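Results of the structural survey
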Amino acid sequence: MELKSTAKDDDANEEHTKMINYFVSQKSPGWGQQFRQAVMLCPKVDEDDLIVSEVTLWEALCHFATMGWKILFSLIPPCEWGGGWPAFVVALIFIGAITAIVAEVATVLGCTLGLKPAVTAITLVAIGTSLPDTFASKTAAEQSEYADSAIGNVTGSNSVNVFVGLGLPWLISAGYAAGQYEEGSTDPWNGKY
């Protein structure tokens, strides 16, 4: 028995090929295309196998729930501009602004619950900053054959948390203390630390 290709199958294959070509061409979008991608709900294309996976209900709900954030982050310039520096600087500004918002929300929530600021910092803020890293590691582990990127993500994230989280406040404090005391007078610094 021989299967014959119908016109309907040919049309479906042609549409499938057009969709794959469209998604492959969108790997480095311009600024206007970033906004279109932020609001567009479309199937995903696996870059290795070029397999189109349809949008699930959960993906659609998450897309519409986070569309505001997607549009906001579309304001970051494309990476091709200026060697990537404008995108880097704007992304850092956005990260700083969101960090300030998270800190303020955690402070208000801690105050509402009657938690001390130290407890709020250790629990709410730590959870808020660690959960995205956890999900990124989970995704990397699921998509990688050997999970190397997941291990690298966990190690890098924890290293940055420790070294920057401890080192930067100490550096700022040491610089502030050095500016406050006369040259050669280290007694207040030594007495405090």
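Scroll up to find the structure this text is about.
Residues numbered from 1 in each chain as written. Predicted model: local features only at pLDDT ≥ 70, side-chain atom pairs only at ≥ 80, totals over all residues. Heavy atoms only, no water.

So, about the packing of aromatic side chains. Using the criterion set out here, one finds 3 aromatic pairs in the structure. Ring geometry for Trp69 against Phe73: centres 6.3 Å apart, planes inclined by 25 degrees, an arrangement best described as stacked. Placement of the pair is Trp69 and Phe73 together in helix H4 (residues 67-73), with a separation of 4 residues, close to one helical turn. Of the residues examined, Trp69 reaches a relative accessible area of 46% and is grouped as partly exposed. Taking 5.4 Å as the distance between ring centres and 65 degrees as the angle between the ring planes, the aromatic pair formed by Phe73 and Phe94 counts as edge-to-face. Here the residue Phe73 occupies a position in helix H4, and Phe94 occupies one in helix H5 (residues 85-113), the gap between them amounting to 21 residues. What makes Phe73 partly exposed here is its relative accessible area of 31%. The rings of Trp69, Phe73 and Phe94 are connected pair by pair, giving a single aromatic cluster. (Phe/Tyr/Trp six-rings, centres within 6.5 Å; stacked < 30°, edge-to-face > 60°. Helix = DSSP H or I, 4+ residues; strand = E, 2+ residues; numbered from the N terminus. Buried < 20%, exposed > 50% of the residue type's maximum accessible area, 1.4 Å probe, protein only.)

Among the surface-exposed residues, Val160, Val162, Phe163, Val164, Leu166, Leu168, Trp170, Leu171 and Ile172 lie close enough to one another that they form a single nonpolar patch of about 970 Å² accessible area. Mapped onto the elements of the fold, Phe163 is located in helix H7 (residues 148-180). Overall, Phe163 belongs to the exposed group, its relative accessible area being 61%. (Patch = residues over 30% accessible without salt bridge, like charges linked within 9 Å, V, L, I, M, F, W, Y side chains within 5 Å. Areas by Shrake-Rupley, 256 points an atom, 1.4 Å probe, with all protein chains shown as cover. Salt bridge = Lys/Arg side-chain N within 4 Å of Asp/Glu carboxyl O.)

Over its 29 residues, H5 runs 42 Å from end to end, which matches the ideal 42 Å to within 8%, given 1.5 Å per residue. For H5, the set of buried residues is Ala87, Phe94, Ala106 and Gly110. Trailing H5 by a residue or two, Gly114 shows a phi angle of about 80 degrees, which is positive. (Expected span 1.5 Å × (residues − 1).)

As far as function goes, none of this settles anything; it's purely spatial.
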